[in-house]
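The lines below spell out each chain.
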Amino acid sequence: MTNSAFSVQPAVLITIIGETVLKDRIVKLLKSHSVSGYTISQVQGEGGHGRRLADLAGYNTNIEIKTIVSPEVSDTIFWALKEEQGKHALIVFRHNVEAFY
């Protein structure tokens, strides 16, 4: 199979790191924009909101959610998540990528 058999398109990888309590809200947001898939991982670390140890299930824990979307959908999701800033520990960043999906 040659590389020409794949349709590579410009896309955006969105990475969301936030409090576990935001999980359902974020998943609902992604699904409302017809996101075809996402990956969720339990993570731990330290930042401006203190140390997140993931020592007790659901308490002081963070998740990381990654998804690949079109540039247009990226803007919508990015700005919707911006509204949560200040209410919860949350960081969102994105990268332009090429993908086939």
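Before any of the text, the structure's been laid out above.
In this report, we go over the structure that sits alongside the text. Given the structure is predicted, the values throughout are model-derived calculations rather than measurements. Counting of residues starts from 1 at the beginning of each chain's written sequence and follows it residue by residue. In view of the model being predicted, local features appear only for residues whose pLDDT reaches at least 70, and side-chain atom pairs are presented and counted only at 80 or more, with totals across whole chains, interfaces and linings using the full set of residues. Each side-chain value is derived from all of the structure's non-hydrogen atoms; neither hydrogens nor water enter the calculation.

Attention now goes to the overall build of the chain. Each helix corresponds to a stretch of at least 4 residues labelled H or I by DSSP, and each strand to a stretch of at least 2 residues labelled E; elements are numbered beginning at the N terminus. In terms of regular secondary structure, the chain is built from 2 helices and 6 strands. Along the chain, from the amino end to the carboxyl end, the secondary structure elements read β-α-β-β-β-β-α-β. Working definition: with a 1.4 Å probe on protein chains only, accessible area under 20% of the residue-type maximum means buried, over 50% means exposed, and in between means partly exposed. Looking at the 101 residues of the chain, the share that counts as buried comes to 33%. Whether two residues touch is decided by their heavy atoms; if any such pair falls within 4.5 Å, the residues are in contact. Taking all contacts inside the chain whose residues are at least 6 apart in sequence as the whole, residues at least 24 apart take part in 76%. When the accessible surface of the chain is split by element, carbon and sulfur atoms take 52% of a total near 6,800 Å². Surface accessibility in these figures is a Shrake-Rupley result with a 1.4 Å probe; residues are shielded only by whichever protein chains are displayed.

For side chains of opposite charge, pairing can occur when their charged atoms come near one another. A pair is scored as a salt bridge if a Lys or Arg side-chain nitrogen falls within 4 Å of a carboxyl oxygen belonging to Asp or Glu. If you walk through the whole model with that rule in mind, you get 2 salt bridges. In this structure, Arg25 and Glu84 form a salt bridge, with 3.1 Å as the shortest nitrogen-oxygen distance. Of this pair, Arg25 sits in helix H1 (residues 23–32) while Glu84 sits in the loop between helix H2 (71–82) and strand E6 (90–99), placing them 59 residues apart in sequence. You can call Arg25 partly exposed: its relative accessible area is 43%. Taking the relative accessible area as the measure of exposure, Glu84 reaches 15% and is therefore buried. Arg94 is paired through a salt bridge with Asp75; the nearest N and O atoms lie 2.8 Å apart. With a gap of 19 residues between them, Arg94 in strand E6 and Asp75 in helix H2 connect regions that are remote in the sequence.

Moving on to the environment of Ser7. Of note, Ser7 is situated in the segment before strand E1 (9–19). For Ser7, a relative accessible area of 52% corresponds to the exposed category. Taking C-alpha positions, Ser7 is 9.9 Å from Glu98, a pair spaced 91 residues apart along the chain. When residues no more than four places from it in sequence are discounted, the contact partners of Ser7 are Ala99 and Phe100.

What follows deals with H2. Here a helix's expected span is defined as the number of its residues, less one, multiplied by 1.5 Å. Across its 12 residues, H2 extends 17 Å between first and last C-alpha, which sits within 8% of the 16 Å expected from 1.5 Å per residue. Those residues of H2 lying buried are Ser74, Ile77, Phe78 and Leu81. All buried residues of H2 fall inside an arc of 105° around its axis, so they share one side. On its buried face, H2 is in contact with E1, H1, strand E5 (62–69) and E6. Starting at the helix axis, one direction is taken to each C-beta atom, and the arc is that of these directions.

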